[in-house]
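Chain by chain, the residues:
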Amino acid sequence: MQPPTGYALPDGQCLKLKKILYGLLQSSALFYENLERWMLDYGFTPIGPDGVMFLLNKGSEKLIVSLYVNDGVCATNSMALYKRILADLSTKYMLSDS
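Predicted, not measured: the structure shown is a model, and the values here were computed from it.

Student: How do you make sense of helix α1 (residues 27–42) when you look at a structure like this?
Tutor: Since the α-helix turns once every 3.6 residues, residues separated by three or four places project in the same direction. With 16 residues, α1 extends 23 Å between its outermost C-alpha atoms, agreeing within 8% with the 22 Å of an ideal straight helix rising 1.5 Å per residue. Buried-residue contacts for α1 involve β2 (53–58), β3 (61–68) and α2 (79–90). Immediately downstream of α1, the backbone of G43 shows phi near 120 degrees, a positive value.

Student: Please clarify how the pairing of β3 should be interpreted in this entry.
Tutor: As a general feature of sheets, a regular strand has side chains that alternate between the two faces. Where β2 and β3 come together, 6 bridges link them in antiparallel fashion. When the bridges of β3 are listed, L56 appears paired with L63. Taking the residues that link successive antiparallel strands as the turn, the β2-β3 hairpin has 2 residues, and the phi of G59 there is positive, at about 70 degrees. Alignment of β3 against strand β4 (residues 71–76), held across 6 bridges, turns out to be antiparallel.

Student: It is not clear to me how the nonpolar core should be interpreted in this structure. Could you clarify?
Tutor: Soluble, globular proteins show a tendency: their nonpolar side chains are buried together. In terms of nonpolar packing, the biggest core is built from 14 residues, with M39, F44, L63 and I85 touching the most fellow members. Counting only elements with at least two residues in this core, the list comes to α1, β2, β3 and α2. Residue contributions to this core peak at 4 residues, all from α2. Contact partners of F44, with chain neighbours within four places excluded, come to W38, M39, F54, L55, L56, L63, V65 and I85.

Student: Please clarify how the packing of α1 against α2 should be interpreted in this entry.
Tutor: Across the interface, α1 lies against α2 with an axial gap of 12 Å and an inter-helix angle of 130 degrees. With respect to their mutual orientation, α1 and α2 come out oblique. When you trace α1 past α2, the crossing you get is right-handed. Here L35, W38 and Y42 of α1 lie close against α2, whose contacting residues are R84, I85, D88 and L89. By residue class, the composition of the contact of α1 with α2 is 5 nonpolar, no polar and 2 charged.

Student: What should I look at first to understand α2 in this one?
Tutor: Spanning 12 residues, α2 covers 16 Å between terminal C-alpha atoms, matching the ideal 16 Å at 1.5 Å per step. Among the residues of α2, those classed as buried are L81, Y82, I85 and L89. End-on view of α2: buried residues confined to an arc of 100 degrees, all on one side of the axis. Away from its buried face, by an angle of more than 90 degrees, α2 presents the exposed residues M79 and K83. Looking at the buried residues of α2, the elements they touch are α1, β2, β3 and β4.

What counts as what
- Residues numbered from 1 in each chain as written.
- Predicted model: local features only at pLDDT ≥ 70, side-chain atom pairs only at ≥ 80, totals over all residues.
- Heavy atoms only, no water.
- Helix = DSSP H or I, 4+ residues; strand = E, 2+ residues; numbered from the N terminus.
- Expected span 1.5 Å × (residues − 1).
- Contact = heavy atoms within 4.5 Å.
- Pairing = 2+ DSSP bridges.
- Core = buried A, V, L, I, M, F, W, Y, C linked by side-chain atoms within 4.5 Å.
- Buried < 20%, exposed > 50% of the residue type's maximum accessible area, 1.4 Å probe, protein only.
- Axes fitted to C-alpha atoms, helices over the stretch in contact; angles between N-to-C directions.
- Parallel < 35°, antiparallel > 145°, perpendicular 65-115°, else oblique.
- Left-handed = near helix turned anticlockwise from the far one by under 90°.
- Nonpolar A, V, L, I, M, F, W, Y, C, P; charged D, E, K, R; others polar.
- Arc of directions from axis to C-beta.

Here is the structure:
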């Protein structure tokens, strides 16, 4: 990688990236940490020891999310809750609902 055009980087110094670069080994781990933080802040509770399943319990409404790499699957008893979660998630992440 090269510094931006017009920026003189002194010898022995480097630039720190503020964003994750797609394709780096750390990319998926950093993305997961970011997504997990969002889910915990939103009120999800981790299920099980491996940290790939989360439960959101809103009274009688429940939503379970299972994550794998950059995919997720949801199970819920409330389409309204599902749509709210997707709407809130889509303000931070690019989603597809299929």
